Amino acid sequence: MQMSVSPAKLRDGIGAPKEVPPTVLEKIQSFADERRSFWIVVSLTLLFASWEMAGRIPISFAFPTFLETLSAFGEMVADGSMHKAYLITLQPLVMGVLVSALVGIGLGVAMGLSDKAEWLLAPVFIVLQAAPMAALVPLVTFVYGIGLTAKTLAVIMLALPVIVLNSYKAVRHVNPSLVDMCRSFQGSRVQQIFKIIIPDASPVLFAGLRLGIAAGFIGVMLAELLITPTGIGDLITYHRSVANYAHMYAAVASIIAVSTLTLAGLQYVETHLLRPEKRRK
Amino acid sequence: MANSALARSGSVKAASSNDAVVQVRDVCKNYGDIEALRGINLEFERGNLTTLLGPSGCGKTTLLKIIAGLVPATSGEIRVNGRAVTAPGPERAFVFQDFALMPWATVLRNIGFGLELKGVTAAERDRTARRYIEQVGLAGFEQKYPHELSGGMRQRVGIARAFAVNADVLLLDEPFSAVDEQNRRKFQEDLLRLVELEKKTFIFVTHSIEEAVYVSDRIVLLSPRPGRVSQIIDPMIDRTASPDDIRRDAVYLDVVEEIWQGLRQYAE
């Protein structure tokens, strides 16, 4: 989360956090000093407030205010269209991301461990990462039609290269002294990989996963907008076509929120399972 | 010189002595065209602390890593307890200059890691680890992570980890170079206490002459490019005296001076 709030604007956010009674300024000050959540709330409040203002000016007749968007979101949750859309969108997304994560980390770690694997695979993924994938999505449609396969492939095409290349880099940057340490205590190659290399590489592995999952979200939206409108892509396309801009923005904002929450969840998993020392920093 | 009697000549006896735990025979090491070590012959006696001392680039760390089995020698062989070795083994344990602690593991797990790799049960290795935590003075820090410790404390973890696997030979690669001067002195005193307590063979690499003379039973001086044994010195210092008295002792100061005279030709 970003915390780029200038001190001068701090007053705007005073009313926002519920935990703080808005009476005593000092109390807020001390809370703001030690709590990160305060700044997250301030940051979001500023974002939504400026959105609201921009909508009220309005900057465009097609730009709804934040509150209109929020109520449209409530409406779509109430009538069930939001749930149905996510059920469809999540299928290619989850499958594509899972395949990319498993295959990507596997290939990347193999490339990090073996020069031969690197020489064989690195050029392919470097080309794939450089390629503008949106241009390739229509080609996938020619081969696999407009079904789930094509959409899953679109997700994989975007997510896989970045996960592979980051995993590879992660393994190559493992502290050689730790590997020597493991060898000096007669650790086997398997112990070396699972007890030293993967934990030491995990911060960069997870950075790659975060980028890969973000790319997977791009992939699924491209697929749903370019191949055939389904799920969230359908909601966006439909509400745009009937000029329900608040509903269209609600669909767009919801997919951004889901993506953000997924990445935050991943970070939580990383710090709690693999790198417990990061919690104490 | 008055103290010439202290120094033995550099020629090395044949491998007849039964007391030699580690024997280095005709070891050479080349990195491509660069000759790092040439014809090293050394014996390390059981229960002694031997220091490899020399200017940077003399290959002392390379030699230590060859003895550890972490770096292969280009030619020659290393014998430990009479058997030729080419890989790390349970009779040797290594202490790293940069500590080599796993940042994601607690002090307790780091110290027990050598045992963990050997498949020792958790209860057993925790018991051993706690004993050595006590010995190196880290009691109370069992559940801390390395980044929460000072440099000196981190190296205590590295030393405790090496002790915990109960190896005959401890190989220490400039273990105190990343520790500040005050802690370094305390460390040297603690090391002497541990040498006394553990009855193990220590091979110690340093570039500090004072440190070498203070802690060693024997000092091997290496000359640089390519690394060769230039001199072997037995300081013969009375270690029953207090640390401060040792540092003021005439013999101590003479040996330091003698080594400096031997090494100054390599200093720019």
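Residues numbered from 1 in each chain as written. Chains lettered and ligands numbered in written order. Predicted model: local features only at pLDDT ≥ 70, side-chain atom pairs only at ≥ 80, totals over all residues. Heavy atoms only, no water.

## Overview of the overall build of chain A
Here is step 1: Counting its regular elements, chain A contains 11 helices and 0 strands.
Here is step 2: Residue burial in chain A is summarised as follows: out of 281 residues, 45% are buried.
Here is step 3: Taking contacts inside chain A between residues at least 6 apart in sequence as the whole, the part at least 24 apart equals 71%.
Here is step 4: Accessible area of chain A: about 15000 Å², with a carbon and sulfur share of 68%.
Here is step 5: Taking the 22 positively charged and 17 negatively charged side chains of chain A as two groups, their mean positions are separated by 7 Å. (Helix = DSSP H or I, 4+ residues; strand = E, 2+ residues; numbered from the N terminus. Buried < 20%, exposed > 50% of the residue type's maximum accessible area, 1.4 Å probe, protein only. Contact = heavy atoms within 4.5 Å. Areas by Shrake-Rupley, 256 points an atom, 1.4 Å probe, with all protein chains shown as cover. Lys, Arg positive; Asp, Glu negative; His and termini not counted. Charge placed at Lys NZ, Arg CZ, Asp CG, Glu CD.)

## Re the pairing of strand S10 (residues 218–223) of chain B
All names here are of chain B.
Here is step 1: Here S10 lies mainly inside the structure; 6 of its 6 residues are buried.
Here is step 2: Residues of S10 alternate between two faces, with Arg218, Val220 and Leu222 on one and Ile219, Leu221 and Ser223 on the opposite face, all of them buried.
Here is step 3: With 4 bridges joining them, strand S4 (residues 49–53) and S10 adopt parallel strand pairing. When the bridges of S10 are listed, Leu53 appears paired with Leu221.
Here is step 4: Sheet topology note: the S10/strand S11 (residues 228–233) ladder contains 5 bridges and is antiparallel. (Pairing = 2+ DSSP bridges.)

## Digging into the packing of aromatic side chains
Two measures describe an aromatic ring pair: the distance that separates the ring centres and the angle between the ring planes.
Here is step 1: Under the criterion given, the structure shown has 11 aromatic pairs over all chains.
Here is step 2: Every member of this aromatic cluster is reached through a ring pair, and the members are Phe48, Trp51 and Phe66 of chain A.
Here is step 3: Over the face of the ring belonging to Tyr31 of chain B we find Lys29 of chain B, whose NZ or CZ atom lies 5.0 Å from the ring centre.
Here is step 4: Seen from the ring of Phe187 of chain B, Arg156 of chain B lies directly overhead, with NZ or CZ sitting 4.6 Å from the centre. (Phe/Tyr/Trp six-rings, centres within 6.5 Å; stacked < 30°, edge-to-face > 60°. Lys NZ or Arg CZ within 6 Å of the ring centre and 35° of its normal.)

## A look at the pattern of salt bridges
Residue and element names in this part refer to chain A.
Here is step 1: Summed over all chains, the structure comprises 19 salt bridges over all chains.
Here is step 2: Between Arg172 and Asp115 there is a salt bridge whose closest N-O contact spans 3.1 Å. Taken together, the residues span a long stretch of sequence, with Arg172 in helix H7 (residues 148–172) and Asp115 in helix H5 (residues 115–130) at a distance of 57 residues.
Here is step 3: For the salt bridge of Arg183 with Asp180, the shortest nitrogen-to-oxygen distance reads 3.2 Å. Within this pair, Arg183 and its partner Asp180 are both found in helix H8 (residues 176–184), separated by 3 residues, close to a single helical turn.
Here is step 4: Overlapping salt bridges bring together Asp115, Glu118 and Arg172 as one network. (Salt bridge = Lys/Arg side-chain N within 4 Å of Asp/Glu carboxyl O.)

## With respect to the UniProt feature "domain: ABC transporter" (unreviewed entry) in chain B
Here is step 1: Per the UniProt record, "domain: ABC transporter" (unreviewed entry) is found at residues 22–249 of chain B.
Here is step 2: Within residues 22–249 of chain B, the helical portion is 34% and the strand portion 28%, while the C-alpha atoms at the span's ends are 31 Å from each other. (UniProt positions renumbered as here; feature names shortened; annotations may be inferred.)

## Focus: a nonpolar patch on the surface
Residue and element names in this part refer to chain A.
Here is step 1: On the surface, a cluster of nonpolar side chains totalling about 500 Å² of accessible area is made up of Leu139, Phe142, Val143 and Tyr144.
Here is step 2: In this structure, Leu139 sits in helix H6 (residues 137–144).
Here is step 3: For Leu139, a relative accessible area of 47% translates into the label partly exposed. (Patch = residues over 30% accessible without salt bridge, like charges linked within 9 Å, V, L, I, M, F, W, Y side chains within 5 Å.)

## Considering the pairing of strand S5 (residues 75–80) of chain B
All names here are of chain B.
Here is step 1: The pairing of strand S2 (residues 20–31) with S5 spans 5 bridges and is classified as antiparallel. Directly across from Val22, in S5, lies its bridge partner Val80.
Here is step 2: Pairing of S5 with strand S6 (residues 83–85) involves 3 bridges; the strand directions are antiparallel. The residue of S6 that forms the bridge with Arg79 is Ala84.
Here is step 3: Remark: 2 residues form the turn of the hairpin made by S5 and S6, two consecutive strands paired antiparallel; Asn81 in that turn has positive phi of roughly 50°.

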